Structure formats: C-alpha cells, structure tokens
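# Residue-level structural notes
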Amino acid sequence: QELVVAALRAAGTTAATMPNLPTIMGNIGQPTWMPPFPNGWSDYAADWTGPESMLLRADCISALCQAMTAATPAGVASAALGPLLSTNTAAVVGNAGSVHDQLTVLFCSPEFQRR
C-alpha cells in the first residue's frame, strides 16, 4: 500500500480518480480493508523482495500509470526524488518509450521504492 500511495502522491493523482484501485490492490495481494487474519501483512523482507513479488509490484504500478495522464515523468522525478535520483535511473526513465512507461520505470526504481 505504501508504494501505491507514494506513487499516487508523487503524480498528483488521488484515489478518487482511480476506479480500478481496489482491483489493483487485490492483484498484488493487498485487498483494501482485508489484511490476512490474525497477523496482518508480513513484515519479513523475503515475502516482498522475491522475483514474483517484484513483478506483481511492477504490474500494479503499470496499471496505476495508465490513469496518470497529467503527470510528467521529469516533474514527478524532480518533485519526489530530487537529488536522490541517480543518473542511471534518470537515463533509463528518459529512454523508456512512452510517458506511461517512463512513470512505470520511475516508480519501480530503487530510489522510489526505498523508504
């Protein structure tokens, strides 16, 4: 949920403009208002850092970026990351094909996903 909220805030988008948000959250295993009983979401890194989990997050971010039509990748990167944006990530984001792809790569970058 933190990644989704951070991406929405960075792009200046609200949950109200994202009618498919509950579906997206369910697809990554975090359905809204339904944490697993009795312990809630896992705090173990292994549950979130595996290849399958990373791919699910990338798919989720890609689906989110479909509706972020007003956001510009350079503006989002500057506002959200500022000097934390590495030159390598900036280059990869800049080389992505479309605005959708650029935002997806930006939100999937290590700089953006690091707390």
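The preceding data block contains the structure.
## Considering the packing of helix α5 (residues 73–80) against helix α7 (residues 99–108)
Between α5 and α7, the shortest axis-to-axis distance is 9 Å and the interhelical angle comes to 20°. On the basis of the axis angle, α5 is roughly parallel to α7. Our pair here, α5 against α7, has a crossing hand that is right-handed. Touching Pro73, Val76 and Ala77 of α5 are Val99, Gln102, Leu103, Leu106 and Phe107, all from α7. Among the residues forming the contact of α5 with α7, the class breakdown is seven nonpolar, one polar and no charged.

## Looking at the packing of helix α6 (residues 87–95) against α7
It is the contact of α6 with α7, at a shortest axis distance of 8 Å, that shows an interaxial angle of 155°. Put simply, α6 runs roughly antiparallel to α7. Here α6 runs over α7; the crossing is right-handed. Residue-level inspection shows Val92, Val93 and Gly94 of α6 in contact with α7, the latter providing Gln102, Val105 and Leu106. Grouping the constituent residues of the contact of α6 with α7 by class yields four nonpolar, two polar and no charged.

## What to know about helix α4 (residues 51–65)
Helix length check: α4, at 15 residues, gives a terminal C-alpha distance of 21 Å against a target of 21 Å (1.5 Å per residue), a fit within 8%. For α4, the full list of buried residues reads Ser53, Arg57, Cys60, Ile61, Leu64 and Cys65. Taken around the axis of α4, the buried residues stretch over an arc of 135°, which confines them to a single face. In α4, the exposed positions angled more than 90 degrees off the buried face are occupied by Pro51, Glu52 and Leu55. Against α1 (2–11), α2 (21–27), α3 (46–49), α7 and α8 (110–113) lie the buried residues of α4.

About the cut-offs
Residues numbered from 1 in each chain as written. Predicted model: local features only at pLDDT ≥ 70, side-chain atom pairs only at ≥ 80, totals over all residues. Heavy atoms only, no water. Axes fitted to C-alpha atoms, helices over the stretch in contact; angles between N-to-C directions. Helix = DSSP H or I, 4+ residues; strand = E, 2+ residues; numbered from the N terminus. Parallel < 35°, antiparallel > 145°, perpendicular 65-115°, else oblique. Left-handed = near helix turned anticlockwise from the far one by under 90°. Contact = heavy atoms within 4.5 Å. Nonpolar A, V, L, I, M, F, W, Y, C, P; charged D, E, K, R; others polar. Expected span 1.5 Å × (residues − 1). Buried < 20%, exposed > 50% of the residue type's maximum accessible area, 1.4 Å probe, protein only. Arc of directions from axis to C-beta.

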